[in-house]
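# Summary of structural features
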Amino acid sequence: MVDAIAAWEAQLSLAEGTEQKYKRLMRYLGDFCTERKLEMVPELTLEELDAFRASRIVRPRRPAGAEGQEPTEDGRPISRVTSGKELSTLRQFFRFCQERGWVQVNWAARIKMPKARPAEVEPYSAKEIAAMLVACDAIGQGAYERLRAWALVLLLRHTALRITDAYTLQRSRILPDGEAGFQIRLYTRKTGGHVMLPIPRELKAALDVLPFPMREDGSQVDAGFYFWTGRGTRQSAREIAWRLLKSVFEKAGIKGGKPHRFRHTLATDILARGGTMADVADVLAITEAIARKHYAKWSPARQERIATIMKAVQFGTFLAQSQERPSNRVN
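Residues numbered from 1 in each chain as written. Predicted model: local features only at pLDDT ≥ 70, side-chain atom pairs only at ≥ 80, totals over all residues. Heavy atoms only, no water.

## Re the overall build of the protein
- Tallying secondary structure elements over the protein gives 13 helices and three strands in all.
- Expressed as a percentage of the 331 residues in the protein, the buried residues total 37%.
- Considering only residue pairs separated by 6 or more positions, the protein has 56% of its internal contacts joining residues 24 or more positions apart. (Helix = DSSP H or I, 4+ residues; strand = E, 2+ residues; numbered from the N terminus. Buried < 20%, exposed > 50% of the residue type's maximum accessible area, 1.4 Å probe, protein only. Contact = heavy atoms within 4.5 Å.)

## What about the pattern of salt bridges?
- Using the criterion set out here, one finds 11 salt bridges in the structure.
- For the salt bridge of Lys 23 with Glu 19, the shortest nitrogen-to-oxygen distance reads 3.3 Å. Note that Lys 23 and Glu 19 are positioned in helix 2 (residues 16-35) at a spacing of four residues, about one turn of the helix.
- Given the relative accessible area of 32%, Lys 23 is considered partly exposed. (Salt bridge = Lys/Arg side-chain N within 4 Å of Asp/Glu carboxyl O.)

## What to know about the side chain of Thr 265
- Note on placement: Thr 265 falls in helix 10 (residues 260-272).
- What makes Thr 265 buried here is its relative accessible area of 2%.
- For Thr 265, the contacting residues outside a window of four places in its chain are Pro 123, Tyr 124 and Arg 157.

## Describing helix 5 (residues 126-136)
- Those residues of helix 5 lying buried are Ile 129, Met 132, Leu 133, Ala 135 and Cys 136. Relative to the axis of helix 5, the buried residues are bounded by an arc of 160° and lie together on one face. Of the exposed residues in helix 5, the ones pointing more than 90 degrees away from its buried face are Lys 127 and Val 134.
- Looking at the packing, one finds that the buried side of helix 5 touches helix 6 (143-159), helix 9 (234-252) and helix 10. (Arc of directions from axis to C-beta.)

## As for the nonpolar core
- Of all hydrophobic cores here, the largest spans 55 residues; its most connected members are Met 132, Ile 184, Phe 227 and Tyr 295.
- The next biggest cluster of nonpolar side chains, apart from the first, holds 26 residues, and it includes Phe 32, Leu 87, Phe 94 and Cys 97. (Core = buried A, V, L, I, M, F, W, Y, C linked by side-chain atoms within 4.5 Å.)

## Quick look at the confidence of the model for the protein
- In the predicted model, the protein carries a mean pLDDT of 83, and 83% of its residues have values of at least 70.
- Note that pLDDT drops below 50 for residues 60-74; the model gives that stretch 21 contacts with residues more than four away or on any other chain. (pLDDT = per-residue confidence, 0-100.)

## Observations concerning the environment of Leu 90
- Structurally, Leu 90 is set in helix 4 (residues 80-99).
- On the basis of relative accessibility, which here comes to 2%, the residue Leu 90 falls in the buried class.
- Residues Leu 90 and Ala 108, spaced 18 residues apart in sequence, show a C-alpha to C-alpha distance of 6.1 Å.
- Residues contacting Leu 90, with those up to four places away along its chain left out, are Leu 25, Leu 29, Leu 49, Phe 52, Arg 53 and Ala 108.

## Focus on unusual backbone geometry
- Although it is not a glycine, Lys 37 sits at a positive phi angle of roughly 60°.
- Looking at the element boundaries, Lys 37 is found in the loop between helix 2 and helix 3 (46-55).
- Looking at Lys 37, the relative accessible area reads 66%, which means it is exposed.
- Positive phi, normally seen in glycine, also occurs at Ala 160, with a value near 60°.
- Among the structural elements, Ala 160 can be located in the loop between helix 6 and helix 7 (163-167).

## Some words on the side chain of Thr 229
- Turning to its location among the elements, Thr 229 is positioned in the loop between helix 8 (201-208) and helix 9.
- Overall, Thr 229 belongs to the buried group, its relative accessible area being 15%.
- Within polar-contact distance, the side chain of Thr 229 engages the backbone nitrogen of Arg 231 at 3.3 Å.
- For Thr 229, the contacting residues outside a window of four places in its chain are Pro 213, Met 214, Arg 215, Val 221 and Ala 223. (Polar contact = N/O pair within 3.5 Å; in protein donor to acceptor, adjacent residues only side chain to side chain.)

## Observations regarding the packing of aromatic side chains
- If you walk through the whole model with that rule in mind, you get 10 aromatic pairs.
- Between the aromatic rings of Tyr 167 and Phe 227, the centroid separation amounts to 5.8 Å while the plane-to-plane angle is 20°, which identifies the pairing as stacked. In this pair, Tyr 167 is assigned in helix 7 and Phe 227 in the loop between helix 8 and helix 9, connecting sequence segments 60 residues apart.
- Taking the relative accessible area as the measure of exposure, Tyr 167 reaches 4% and is therefore buried.
- Here Phe 227 falls in the buried class, since its relative accessible area comes to 1%.
- Centre to centre, the rings of Trp 242 and Phe 249 are 6.4 Å apart; their planes meet at 80°, and the pair counts as edge-to-face.
- Among the residues examined, Trp 242 registers a relative accessible area of 25% and is labelled partly exposed. (Phe/Tyr/Trp six-rings, centres within 6.5 Å; stacked < 30°, edge-to-face > 60°.)

Quick look at the structure:
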């Protein structure tokens, strides 16, 4: 079992965060198999898979810098959304094993996918963004934390970068744009190329006044990044950024504040100003299919098109009913 899991993990080629989630699940599966004395993949039957999925509970992530310390479990079962994602991963693992003749049946494919609808994520309002910027001047112990918070909020607001990509942003990614403007170079997954996204002067000014990132010993270092020292993993960088933003959300009184909501905010702004799903996909570095799935309801063009179609249908139905209606109605 250990060798099969290691072989499957070795062929993964995914975004760092996604790959870590896959490996975390397989670590739990490996622990389960060790406890149940299941040494070979064929021993992981449908019944055993059911038992493994029933044992899955919420396990908080290991805090940054706490290497070797296992997080404690709080006993809550995982959500249906998470359970569905994990089942999809298990199906991939079993398909990998089946293709190599290590198992005859993909038992994970026999398990019914749980029905669950992910929680709707609303974009931030202009009032909430303003409250965050005010909160940036009131968190932490001094200018270092406050300047970093201010710049990070503006960066997420105007670029919709994922939190890890924002925190590990290299200074070389900000380039001149014309005589006085600046732009940021973004990678687009859809085309495999880059998009040059203009940035407002307030963001460039906030980045320019950032102090060099500070190490744990208090020394500052210019490693070519705006926020990151360049030391440690991207996962630890993400957790540091999350803690900084959490302070901002709490101080601003933002309920359900999450970095990902900045992506929804910029996407809806693009659509509200006449942008297309292709434009959203380019800026957010996603596919058009994913953009349509998450943001179609925010598209004024889509709403207008639906309204036009429904009015035509309703008019046609009314016209047909009028022609068939008897002329001598009884009042």
